[in-house]
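Commentary on secondary and tertiary structure
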Amino acid sequence: MTHNSPFIVRILQLHCDSIEYTPTKKEIKSAEEDVSTDTTRLEELVVAFVAVEKDDDSSVAQDAISQIKNSMEKIGCKKLLLYPYAHLSSNLASPNLAMSLLKEMESSASELDVSHSPFGWTKSYKVQVKGHPLAESSKVITKETLSSQDEVTSEALKSESKIKSYWYIMSPDGSMTPMSEFNFSNHQKLEILSKYESAKKRSVDEPPPHVALMKKMAIADYESASDQGNMRFFPNGRLIKSLIEQYVTARVKEYGGYEVETPIMYDSHHPSMVSYFNRFPARQYNIDSEGKQLFLRFAACFGQFLMANEFQLSYKNLPYRLYELTRYSFRREQSGELVGLRRLRAFTMPDCHAFCKDLEQSIEEIKTRFDLSRSVLNDLGIEESDYEMAIRFTEDFYNENKKTVEELVKKHGKPVLVEMWKEKFFYFVLKWEFNFIDNLGKASALSTDQIDVENGNRYGIDFVDENNEKKNPIILHNSPSGAIERIIYALLEKAAFDSKQGRKPQLPLWLSPTQVRVIPLKEEFYEYCNSLVEKISTNNIRADIDDRNESIGKRIREAEKEWIRYILVIGEKEANSENLSIRDRQTGDVREISFDDFISEFKEQTKGRPFTGLNMPKNLSQRPQLMV
RNA sequence: GCUUCGAUAGCUCAGCCUGGUAGAGCGUUACCUUGGUAAGGUAAAGGUCGCGGGUUCGGAUCCCGCUCGAAGCUCCA
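Computed from a prediction, not measured in an experiment: that's the story for all the values here.

Core analysis: the largest hydrophobic core is formed by 69 residues, its most contacted members being Ile244 and Ile391. Of the residues forming this core, the biggest block, nine residues, is contributed by helix H13 (residues 484-500). Shared between two domains, this core holds at least three residues of each, these being domain 2 (165-200 + 298-490) and domain 3 (509-622). Counting 24 residues, the second largest nonpolar core, distinct from the first, contains Val46, Leu80, Met99 and Met105.

Next comes the structure, spelled out in structure tokens:
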């Protein structure tokens, strides 16, 4: 929904048999005074739920009330209740303004039996709506047109809330059990995912463990000088994030994606955006610039579709895949929703679209990408037992493509949450996702893919088929890993879980900011240590030196706290030995190994993963301490 | 958005109930210490107690307002 349009008054109008409302409590300071908390009951009336948005003026109020009067005449109703209802808008006018506007509307309808429910109060209400076709309507009164129009922009939101879903659990053998009848006793995480929406109050009063870890490990932190949900990444965090980004990008390119870069902001009034918004009720950041109303992208879709629109495509070119690692995508999530690295307002999202010539091709393609996503997650350190799969589709799609659905579920190998829609509400007919379940029982989506049957047409993307006819491609929307920040969140939550179980928390070796720490016993070994670190580093291993004037015990303890896998203490013995004495954090033991054997053991563990050099001074004595 | 909680040294926090000279640990700096696999010692520096108002002889502490933050809820195509 675009908030740029100069909508002023939003009205949901209901023709009712009756309504009862009870003011319970003042919600805002400027609430109406002298309000009785008795229940009011009205019968045979029109209830207009009204929200006033900012930038209004009284001409709009006049227009709004005359619209209501018109339609009331049509249905032959003389009684009107104006019901202030802030929830119709996320861009409300100030309470004072809204209240005066409502009063104006009320006084302009004196020929009707008109009243209003108290403004600024929390109210409970009970409403009985009539069943005839004109009983329900919504209006948006704008300053620009000064006329009502059907509420186009909220269609998606409205249909979303009306969506009829049927919930099942599908087993790997393809059998479907209604969710309520499924025995979850061996599938606790799936149960968490399935019951997520209907879950009773969980009295979780601890913050998610990854929040403390991301600070303690000097990975990331909140930046209060920015907007909420916009993080800063310290050198450690940037290194980890960069490596994950590189890895995911390499895998997508290997699969056949072509990397592009597209703008992060778009004109809300560009023709292809307007209709997209109708189907896409996201909250986005808006920017006014030189009379243009721009919004920050919430995915790479626009950029890639607008680009694909320029391509001359033949069926021979398909499937064709465009890929972008969006740094950043922006979603203005509700402030109360933002938690650590789990849910952000600015995030890095690998987004790969595949343009396919027909449904068959898209089905082949979605299987390939399903495998890719599983493999990417696994290689990033997220195991199958860490996530649960959900798959959603329309009833029609399922009836015509049962085998495809069953095949995906079978690949997953565990029971899967199924949501089946009676009709198509979104632009896609099938969507699957992998959901990570964290220590607090929260589910968050990682990988996902969708079969989009609308946007090819909407964005005017076409190709010439075998019969020399123009067609719109079917588009798949895949993020093989989900947001990169969310991967870090998942890895930290896993580490916290290990810690809780009494195991040592750790990051995958290839992501560790320091992989080998060298500790000189005393100053006279500094030179030797330097050349040793040099020698290790030339093998693409991140090694550093703790040359601070601290005891051995303390320096080892701090290396442990930094989750550093290998520690080399260098004294007389080591300086004169061909072999290395290595303390392996996984065992806590010191063992002797030749330099070459160590290097190959190390390489074996980081095989196929990207490398980048140390992102901190090599000497710890030269590092600033991050206390966050 | 709603509810609740919070804001005191660079960081984590105590002090507040019951008003009377601003505290600890970690970190930082200096010096001592030259160590053998998870915390060596001594000392110093470091704070308009988030902002504004009120009560009081006196406010970090009590009252009111504001700002910012966090968690939970709702939400999450």
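Still to come is the rest of the account.
A word on the sheet that holds strand S26 (residues 516-520). Across the sheet, five strands lie side by side as S27-S26-S28-S29-S30; this open sheet has mixed pairing. Looking at which strands have only one partner, the edges of the open sheet turn out to be strand S27 (543-545) and strand S30 (589-594). The average undirected angle you get between the axes of adjacent strands in this sheet is 30 degrees. With six bridges joining them, strand S29 (residues 579-584) and S30 adopt antiparallel strand pairing. Paired with Asn579 across the strands is Ser594, a residue of S30. Lying on the sheet, helix H15 (residues 552-561) is in contact with S26, strand S28 (566-570) and S29; it crosses S26 at an angle near 170 degrees.

Cis geometry is adopted by the peptide bond preceding Pro319, which originates at Leu318 and carries an omega value of 0 degrees. With respect to the element layout, Pro319 can be found in the loop between strand S16 (313-314) and strand S17 (320-330). Even without glycine at this site, Glu290 takes up a positive phi of about 45 degrees. As for its position among the elements, Glu290 is in the loop between strand S14 (286-289) and strand S15 (292-296).

For the rest of this paragraph, the subject is the confidence of the model for chain A. Summing up the model confidence of chain A, the mean pLDDT is 84 and the portion of residues at 70 or higher is 86%. Low pLDDT (under 50) marks residues 1-7, which in the prediction has 32 contacts with non-local residues, meaning those over four places away or in another chain. Here residues 143-159 is a poorly scored stretch, pLDDT under 50, and it has 39 contacts once near neighbours within four places are set aside; other chains count.

This part is about the pairing of S28. The side chains of a regular strand alternate, residue by residue, between the two faces of the sheet. When you tally the buried positions in S28, you get four out of five residues, the bulk of the element. Looking at chain direction, S28 and S29 are connected through three bridges and run antiparallel. Each residue of the ladder has a partner; that of Leu568, found in S29, is Ile582.

Packed helix pairs are characterised by how far apart their axes lie and by the angle those axes make with each other. Look at helix H5 (residues 209-216) against H13: their axes get within 9 Å of each other, and the N-to-C directions meet at 100 degrees. Judged on the interaxial angle alone, H13 and H5 are roughly perpendicular. Between H5, through Pro209, His210, Leu213 and Met214, and H13, the contact on the second element is made entirely by Tyr489, Leu492, Glu493 and Ala496. Taken together, the residues of the contact of H5 with H13 sort by class into six nonpolar, one polar and one charged.

Rules behind the numbers
Residues numbered from 1 in each chain as written. Chains lettered and ligands numbered in written order. Predicted model: local features only at pLDDT ≥ 70, side-chain atom pairs only at ≥ 80, totals over all residues. Heavy atoms only, no water. Core = buried A, V, L, I, M, F, W, Y, C linked by side-chain atoms within 4.5 Å. Buried < 20%, exposed > 50% of the residue type's maximum accessible area, 1.4 Å probe, protein only. Helix = DSSP H or I, 4+ residues; strand = E, 2+ residues; numbered from the N terminus. Domains from an automatic or database assignment. Pairing = 2+ DSSP bridges. Axes fitted to C-alpha atoms, helices over the stretch in contact; angles between N-to-C directions. Contact = heavy atoms within 4.5 Å. pLDDT = per-residue confidence, 0-100. Parallel < 35°, antiparallel > 145°, perpendicular 65-115°, else oblique. Nonpolar A, V, L, I, M, F, W, Y, C, P; charged D, E, K, R; others polar.

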